[in-house]
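The chain contents come next:
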Amino acid sequence: MYTPDITGNKKMIFERHAFAGLDADFETLQSMLTQMQERNLQLLSLLQEELKQIEQRYPQAKAFDKEINALEHEVDRVASGILSKFTLLGTELRFTLSVFKIAYILECMADNLKNAVKRLSKLKAPAPAALADAIRGIADATQWPLAHCLSGIINFDEATFQKLLDQKKEIGALYRSGLLTMQNLPAGSISAEDSAELHLILRNIERCSDFIADSAKVSYFIHTGEKYEKPI
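Residues numbered from 1 in each chain as written. Predicted model: local features only at pLDDT ≥ 70, side-chain atom pairs only at ≥ 80, totals over all residues. Heavy atoms only, no water.

Novice: Lay out empty space enclosed by the protein in plain terms, naming residues and giving numbers.
Specialist: One pass over the structure, following the stated rule, counts one cavity of 30 Å³ or more. Each pocket or cavity is described by its volume, and for the largest cavity that value is around 40 Å³. The wall of the largest cavity is formed by S151, G152, F156, D157, T160, F161, L164, A216 and S219. Of all the secondary structure elements, the ones that give two or more residues to the lining of the largest cavity are α6 (151-154), α7 (158-183) and α8 (192-224). For the lining of the largest cavity, the element with the most residues is α7, which contributes three residues. (1 Å grid on protein atoms, 1.4 Å probe; cavity = no way out; pocket = protein on both sides within 12 Å on 5 of 7 lines; lining within 4 Å. Points joined across faces, edges and corners; volume = space filled by probe spheres on them. Helix = DSSP H or I, 4+ residues; strand = E, 2+ residues; numbered from the N terminus.)

In structure tokens:
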């Protein structure tokens, strides 16, 4: 169900349906997606702490990832139940169909963040200062987009949507800058093994920006019924 908010944006509300069970299921889906997002933010926080000082946080990251995996399966179960029990139309149908993809996107982000923490724990020596700063920069730049990647699902705002798309370009630029920093390090600064791990750490974090942009495009589809097409 749609209602305009005070800004004129459209906002989905999960209440006042003929079947109370549908309201409850919608609320459950929203809650589980939010939990997945919160665990991803905790994974990012672990990564940021591990970048400051290696303290083998991978077991904790693995536990968060396992919880996200379980939530993804539960989202699939509840959404499938809604589709089998109720006849949905319009935005509510698009929302229910889209939560499968949103949960998958959140799970993929978790895999990348978990793997970044894992790779940090495998380094044989601390990263050179310039490269460590580059990795911290891309991780820090991921904070706001990750915290807002679900905002458009319920309450779609064009400005926030565009900002989430723009962050992909910004983080892509930081990723390329990090690679250049690696290439310009003095010979022998890092081992070949550590160089490979650090490259993959940068790539793991950068991939999150792709998933965040994908989640924003899913929100666009939910509220417009159209696939987002980049302006020419």
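Novice: Account for helix α4 (residues 129-141), with residues named and values stated.
Specialist: Compared with an ideal rise of 1.5 Å per residue, which puts 13 residues at 18 Å, α4 spans 18 Å between its outermost C-alpha atoms and is within 8% of the ideal. What α4 keeps buried is the set L131, A132, A134, I135, I138 and A139. Taken down its axis, α4 places every buried residue within 160° of arc, on the same side. (Expected span 1.5 Å × (residues − 1). Buried < 20%, exposed > 50% of the residue type's maximum accessible area, 1.4 Å probe, protein only. Arc of directions from axis to C-beta.)

Novice: Which residues make up the nonpolar core, and what are the values?
Specialist: Residues L29, L33, L47 and M109 are the most contacted members of the largest nonpolar core, which totals 67 residues. Elements supplying a minimum of two residues to this core: α1 (20-52), α2 (58-85), α3 (90-121), α4, α6, α7 and α8. Looking at this core element by element, the count peaks at 13 residues for α3. (Core = buried A, V, L, I, M, F, W, Y, C linked by side-chain atoms within 4.5 Å.)

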